[in-house]
Amino acid sequence: MEEHIIGTQPSAGLEAGDPRSPAAEHDALAFRRIAMTKTKRIALIAHDNKKMDLLDWMTFNKGLLARHELCATRTTGELIAGRLGLEVTEFRSGPLGGDQQIGAKIAEGGIDFLIFFWDPLEPHPHDPDVRALLRIAVVWNIPIACNRASADFMISSPLMAEEYERLVPQYDGAGRAQNGPPREGEGGEGPARTSTAPRERPAARDA
């Protein structure tokens, strides 16, 4: 996976960082180009009520999916391997940490696509993990398909068979994009500090 650092061009008629520009913050960011090869690494997840829908979609697109590297949470992966005969790397079941494992792989640059047929009408004990996974996919600019229609459009794109470079902001150690606006409570020189030294009591006044 190759990475290149690039910068954005200033908005027309305004210098980069000009506060009058609505794109000033965006213009100040540096980006990495992360290369995707012709063989994409695709993560597949489906909630219980959506597993058959995912399998039906994969059956229709089996020939295309076989050209790429597949991974999935445990139960979904077992169904894919058993019913479609496709090679798939399995993580843990979603409620047991599988969603978090896939999120970690996205952050490490090990996954290019996320196809997640989630059920919006049923509560799930691992809803925080689901939200965290979708959030991390957006943070790292990973294509996401959350239903059959979006998956159809994604897999039928000509970019699926080509090399592609996705742009990811240069994040610092705190998770913020470099040169972005400071967080609340931070100044230009770093985060605000709260003194822990005890305050001196004012001198007692004579009655």
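These lines cover the structure that appears in this document, whether it is placed above or below.

What to know about the packing of aromatic side chains
Aromatic rings in a pair are described by how distant their centres are and how their planes are angled relative to each other. For the structure shown, the criterion picks out 1 aromatic pair. Between the aromatic rings of Trp-57 and Phe-117, the centroid separation amounts to 6.3 Å while the plane-to-plane angle is 55 degrees, which identifies the pairing as tilted. Of this pair, Trp-57 sits in helix α2 (residues 51-60) while Phe-117 is found in strand β6 (residues 113-117), placing the two residues 60 residues apart along the sequence. Of the two residues examined, Trp-57 and Phe-117, each falls in the buried class.

Section: the side chain of Asp-119
The residue Asp-119 is located in the loop between β6 and α6 (127-139) in this model. Although Asp-119 is buried, it makes no salt bridge; Lys-50 carries the closest opposite charge, 5.3 Å away. Of note is the side chain of Asp-119, whose polar atom sits 2.9 Å from the side chain of Asn-49.

A word on the pattern of salt bridges
According to the stated counting rule, one finds 6 salt bridges in the structure shown. The closest approach of N and O atoms between Arg-33 and Glu-165, which form a salt bridge, is 3.5 Å. Highlighted residues: Arg-33 in strand β2 (residues 30-36) and Glu-165 in strand β8 (residues 164-169), separated in sequence by 132 residues. Residue Arg-33 is classed as partly exposed on the basis of its relative accessible area of 30%. The partly exposed category is assigned to Glu-165, whose relative accessible area is 34%.

Brief notes about the side chain of Arg-32
Along the chain, Arg-32 falls in strand β2. Side chain to side chain, Arg-32 and Gln-170 meet in a polar contact 3.1 Å long.

Let's talk about the packing of α2 against helix α7 (residues 148-155)
It is the contact of α2 with α7, at a shortest axis distance of 11 Å, that shows an interaxial angle of 25 degrees. In this view, α2 runs roughly parallel relative to α7, as classed from their interaxial angle. Of the two elements, α2 crosses α7, and the hand of that crossing is right-handed. Taken together, the residues of α7 that come into contact with α2 (itself represented by Asp-53, Asp-56 and Trp-57) are Arg-148, Ala-151, Asp-152 and Ile-155. Grouping the amino acids of the contact of α2 with α7 by side-chain chemistry returns 3 nonpolar, no polar and 4 charged.

Re the nonpolar core
Of all hydrophobic cores here, the largest spans 24 residues; its most connected members are Leu-44, Trp-57, Met-58 and Ile-115. The set of elements that each furnish at least two residues to this core consists of β3 (41-46), α2, β4 (69-72), α4 (74-84), β6 and α7. The biggest single contributor to this core is α2, with 4 residues. Once you skip the residues sitting within four places of it in the chain, Ile-115 turns out to touch Ile-42, Ala-43, Leu-44, Ile-45, Leu-54, Trp-57, Ala-145 and Met-154.

Re the packing of α2 against α4
Where α2 meets α4, the closest approach of the two axes is 11 Å, and the angle between their N-to-C directions is 40 degrees. Looking at the two axes, α2 sits oblique to α4. Crossing geometry of α2 relative to α4 is assigned as right-handed. Residues Lys-51, Met-52, Leu-54, Leu-55, Met-58 and Thr-59 of α2 form the contact with α4, whose participating residues are Thr-75, Thr-76, Leu-79, Ile-80, Arg-83 and Leu-84. For the contact of α2 with α4, the class distribution of residues is 7 nonpolar, 3 polar and 2 charged.

Conventions used here
Residues numbered from 1 in each chain as written. Predicted model: local features only at pLDDT ≥ 70, side-chain atom pairs only at ≥ 80, totals over all residues. Heavy atoms only, no water. Phe/Tyr/Trp six-rings, centres within 6.5 Å; stacked < 30°, edge-to-face > 60°. Helix = DSSP H or I, 4+ residues; strand = E, 2+ residues; numbered from the N terminus. Buried < 20%, exposed > 50% of the residue type's maximum accessible area, 1.4 Å probe, protein only. Lys, Arg positive; Asp, Glu negative; His and termini not counted. Salt bridge = Lys/Arg side-chain N within 4 Å of Asp/Glu carboxyl O. Polar contact = N/O pair within 3.5 Å; in protein donor to acceptor, adjacent residues only side chain to side chain. Axes fitted to C-alpha atoms, helices over the stretch in contact; angles between N-to-C directions. Parallel < 35°, antiparallel > 145°, perpendicular 65-115°, else oblique. Left-handed = near helix turned anticlockwise from the far one by under 90°. Contact = heavy atoms within 4.5 Å. Nonpolar A, V, L, I, M, F, W, Y, C, P; charged D, E, K, R; others polar. Core = buried A, V, L, I, M, F, W, Y, C linked by side-chain atoms within 4.5 Å.

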